[in-house]
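# Chain and residue survey
Chain by chain, the residues:
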Amino acid sequence: MRPLPSPLGMTTMADGRTPQILPTRKHGQFLELFSEADVPTHRGVLRTVVFRDRRNGKEHVALVKGRVEGLEGVPVRVHSECLTSEVFGSLKCDCRQQLDRALDFISQQGCGVLLYLRQEGRGIGLGNKIKAYALQNKGLDTYDANRQLGFPDDLRSYDVAAEMLRLLDVRSVDLITNNPLKIAGLVEEGIPVRRRIPSRTEHNPHNVGYLKTKRERTGHLIELFHEDDSEAKVG
Ligand SMILES: [Zn+2]
């Protein structure tokens with residue numbers, strides 16, 4: 001009898017029997033390593049690992065290039081979801097560029113991890129992010145807009161990223177970031193950061209204010225480059 005795949009990824013025989021016991025999933029404190037598969041991309045094959053957060057049902061993703069288990073100094077980017085930039089091409093922030101560059105870098109190195117965290121709008125959610133954009137259109141900067149909506153500057157937490165790295169058995173990381181808070185956040189959660197790999201960013205008339213505000217208000221180590229500047233991308 002031919003096994004039929006079920007929507008849950010379990011193999012079920014045509015008569016409803018389950019012919020084999022699934023391997024035990026890896027559990028952390030609050031995340032479980034739920035599923036993984038190699039996915040072909042235009043940058044080559046990326047192992048796509050999905051983690052589920054038992055506290056809220058959210059699914060976070062790690063894209064893994066090469067072997068990283070048990071290694072020190074693995075290139076890692078901790079990236080927060082940004083639907084407006086990554087899917088719709090919004091020019092208000094540089095998230096898509098950062099994502100593309102990190103994936104380019106990891107692919108070129110043949111080793112690394114991109115953690116894609118489902119925390120839209122620095123954790124405030126999509127609806128509130130768009131509310132904040134409406135306020136920004138009236139002249140507030142990104143941080144004042146969030147404060148007016150009753151949110152702190154940044155609701156992101158790094159416990160999820162740290163647990164993902166532990167479940168992937170990454171020993172220490174070379175973090176691709178311009179954000180000193182990310183380094184501090186990971187270290188606080190027990191992940192050794194060996195060094196920082198700067199992530200270059202290009203400005204356009206729509207995001208230059210946002211990038212400068214990030215640099216001035218939160219100490220981001222951003223060097224601004226114009227789009228036609230052709231120097232190395234990351235690192
Ligand atoms: Zn963004």
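Not measured: the values here are computed from a predicted model.

### With respect to the overall build of the chain
Of the regular secondary structure elements, the chain holds seven helices and 12 strands. For the chain, with 235 residues in total, the buried portion stands at 29%. The contacts in the chain between residues at least 6 apart in sequence include a share of 57% that link residues at least 24 apart.

### A look at the pairing of strand S6 (residues 59–65)
With respect to burial, S6 is a largely interior element, five of its seven residues being buried. The turn linking strand S5 (residues 44–53) back onto S6 is made up of five residues, and Gly57 within it adopts a positive phi angle of 75°. Where S6 and strand S8 (residues 112–117) come together, five bridges link them in antiparallel fashion. Residue pairing in the sheet places Lys65 in a bridge with Gly112 of S8.

### Concerning unusual backbone geometry
With a phi angle near 60°, Asp169 is a residue other than glycine that sits in the positive phi range. Secondary-structure assignment places Asp169 in the loop between helix H5 (159–167) and strand S9 (173–176). Given 12 C-beta atoms within a 10 Å radius, Asp169 is considered exposed.

### So, the environment of Leu114
On the secondary structure map, Leu114 appears in strand S8. With 22 C-beta atoms packed within 10 Å, Leu114 lands in the buried category. Linking Leu114 and Pro75, residues 39 residues apart in sequence, is a C-alpha distance of 8.5 Å. When sequence neighbours within four positions are dropped, the list of residues in contact with Leu114 reads Leu63, Arg77, His79, Ala102, Leu103 and Ile106.

### Quick notes on the environment of Tyr158
Within the secondary structure, Tyr158 is located in the loop between helix H4 (142–148) and H5. Considered as a pair, Tyr158 and Leu186 are 28 residues apart in the sequence and their alpha carbons are 5.8 Å apart. Ignoring anything within four residues of it in the chain, the contact list for Tyr158 reads Gly185, Leu186 and Glu189.

### Some words on helix H2 (residues 95–109)
Under the 1.5 Å per step criterion, the end-to-end length of H2 is 21 Å for 15 residues, consistent within 8% with the ideal 21 Å. Those residues of H2 not exposed but buried are Gln98, Leu99, Arg101, Ala102, Leu103, Phe105, Ile106 and Ser107. Backbone geometry just after H2 places Gly110 at a positive phi near 75°.

### Quick notes on the nonpolar core
If you look at the biggest cluster of nonpolar residues, it comprises 34 residues, and the most contacted ones within it are Val76, Val113, Leu115, Ala161, Met164 and Leu165. Where this core is concerned, the elements lending two or more residues are S5, S6, strand S7 (74–80), H2, S8, H5 and S9. For Leu165, the contacting residues outside a window of four places in its chain are Val76, Val170, Val173 and Ile191.

### Quick look at the environment of Val45
Within the element layout of this structure, Val45 appears in strand S5. Note: C-alpha distance between Val45 and Leu63 (18 residues apart in sequence) is 9.6 Å.

### Some thoughts on the pairing of S5
Of the strand pairs in this sheet, strand S4 (residues 31–41) and S5 are connected by 10 bridges, and their pairing is antiparallel. Across the sheet, residue Leu33 finds its bridge partner in S5, namely Phe51. Two successive antiparallel strands, S4 and S5, enclose a turn made up of two residues. Bridge analysis of S5 against S6 gives six bridges, and the strand direction is antiparallel. Its bridge partner lying in S6, Val50 is registered against Val61.

### Some details on the sheet that holds strand S10 (residues 193–197)
Spatially, the eight strands line up as an open sheet ordered S3-S4-S5-S6-S8-S7-S9-S10, and their pairing is mixed. Of all the strands in the sheet, the pair left with one neighbour each is strand S3 (26–27) and S10. Bridging between S3 and S4 involves two bridges; their strand directions are antiparallel. By the bridge assignment, Lys26 is partnered in S4 with Leu33. Packing of H5 onto the sheet brings it into contact with S3, S4, S5, S6, S7, S8 and S9, and relative to S4 it is tilted by some 75°. Here helix H6 (residues 180–188) sits on the sheet in contact with S7, S9 and S10, set at roughly 165° to S10.

How each quantity is defined
- Residues numbered from 1 in each chain as written.
- Predicted model: local features only at pLDDT ≥ 70, side-chain atom pairs only at ≥ 80, totals over all residues.
- Helix = DSSP H or I, 4+ residues; strand = E, 2+ residues; numbered from the N terminus.
- Buried ≥ 20, exposed ≤ 12 C-beta atoms within 10 Å, placed from the backbone.
- Contact = placed C-beta atoms within 7 Å.
- Pairing = 2+ DSSP bridges.
- Expected span 1.5 Å × (residues − 1).
- Core = buried A, V, L, I, M, F, W, Y, C linked by C-beta atoms within 7 Å.
- Axes fitted to C-alpha atoms, helices over the stretch in contact; angles between N-to-C directions.

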